[in-house]
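Residue-level listing of the chains:
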Amino acid sequence: MALGVKALPFTFAAHVLAIAGAIMVLVWCFYFRGGLAWEATNKSLIFNLHPVLMLIGLIIIGGEAIISYKSLPLTKQVKKIVHMVLHAIALILGIIGVCAAFKYHNESSIANLYSLHSWLGILVISLYGIQWIYGFVIFFYPGGPTEIRSASLPWHVFFGVFVYVLAVANAAIGFLEKLTFLETSGVAKYGSEALLVNFTAVVTILYGTFVILSVLSLPPVDHHDDFSYSEI
């Protein structure tokens, strides 16, 4: 399915929102929350790695990987490598972000995996990893037979978009969950920090929306020279 409109405006908007989202989450964690650390007496600094790595890694870089495959003016083989590498970076940063959350909970004597956000987070990172491994083996190296690639392609596209949408939705849930805890601890409900967190969640949702719109708006690819992402 194609939207019948040019992708350039959607792609440009996605890039702008990516920059805005990255800046906003960094301002939140550095200005309002005190910074980032893997080892610290203040365990909250460890947790701060989680939103930064999940948003900039899994959501933003993952989104750029989706856009890049069908928007870069490069050969399909080069775009395939860029797509794969960006997704690998997103996955690695996402795994570190999840580990940071577990580390924070363990060192703060907080239970793990008790919320919907945590359940969906484990599901997302697991599916993301499975999607990357399958794509690497079937479409890159060693590469599956033509029949398998052809049959797998629409499902690979659908599954990738599904996992990405789920990741964006879970990020919004995560911002809500963390802000609720902060407000319970004394952060003003209408204060600057609360507004920043809410607007960061809104920007995250908008970014994910424009990523999907960018993909749907791109012209069909030529299937005669390679098996590549097609319109959904």
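Residues numbered from 1 in each chain as written. Predicted model: local features only at pLDDT ≥ 70, side-chain atom pairs only at ≥ 80, totals over all residues. Heavy atoms only, no water.

As for the packing of aromatic side chains
The way to describe two aromatic rings as a pair is by their centre distance and the angle between their planes. Tallied over the entire structure, the rule returns 7 aromatic pairs. A centroid spacing of 6.1 Å and a plane angle of 50 degrees characterise the contact between W28 and F175, whose relative ring orientation is tilted. One end of the pair, W28, is in helix α1 (residues 8-32); the other, F175, is in helix α6 (residues 146-184), and 147 residues separate them in sequence. In terms of burial, W28 and F175 fall into one category: buried. (Phe/Tyr/Trp six-rings, centres within 6.5 Å; stacked < 30°, edge-to-face > 60°. Helix = DSSP H or I, 4+ residues; strand = E, 2+ residues; numbered from the N terminus. Buried < 20%, exposed > 50% of the residue type's maximum accessible area, 1.4 Å probe, protein only.)

Details of a nonpolar patch on the surface
A contiguous nonpolar surface patch, about 440 Å² in accessible area, is contributed by I19, I23, V27 and Y31. Structurally, I19 is set in helix α1. (Patch = residues over 30% accessible without salt bridge, like charges linked within 9 Å, V, L, I, M, F, W, Y side chains within 5 Å. Areas by Shrake-Rupley, 256 points an atom, 1.4 Å probe, with all protein chains shown as cover. Salt bridge = Lys/Arg side-chain N within 4 Å of Asp/Glu carboxyl O.)

Brief notes about the UniProt feature "transmembrane region" (unreviewed entry) in the protein chain
Annotation from UniProt places "transmembrane region" (unreviewed entry) at residues 12-33, 45-69, 81-104, 116-141, 153-176 and 196-218. Secondary structure content for residues 12-33 is 95% helix and 0% strand, and the end C-alpha separation is 31 Å. Secondary structure across residues 153-176 comprises 100% helix and 0% strand; the distance between its end C-alpha atoms is 35 Å. (UniProt positions renumbered as here; feature names shortened; annotations may be inferred.)

Description of the nonpolar core
Residues W28, L58, I59, Y164, Y207 and V211 are the most contacted members of the largest nonpolar core, which totals 46 residues. At the level of secondary structure, the elements contributing two or more residues to this core comprise α1, α3 (49-71), α4 (76-107), α5 (116-140), α6 and α7 (192-217). Excluding residues within four positions of it along the chain, W28 makes contact with R33, P51, F175, K178, L182, E193, L196 and V197. (Core = buried A, V, L, I, M, F, W, Y, C linked by side-chain atoms within 4.5 Å. Contact = heavy atoms within 4.5 Å.)

Digging into the pattern of salt bridges
Across all of its chains, the model carries 4 salt bridges by this definition. Close ionic contact of E107 with K43 constitutes a salt bridge, the shortest N to O distance being 2.8 Å. You can see E107 sitting in helix α4 and its partner K43 sitting in the loop between α1 and α2 (44-47), a full 64 residues away along the chain. The class of E107 is partly exposed, set by a relative accessible area of 32%. In this structure K43 comes out as partly exposed when scored by relative accessible area, which is 25%. The partner of E107 in a salt bridge is K103, with the nearest N and O atoms 2.6 Å apart. Taken together, the residues span about one helical turn, with E107 and K103 both in helix α4 at a distance of 4 residues.

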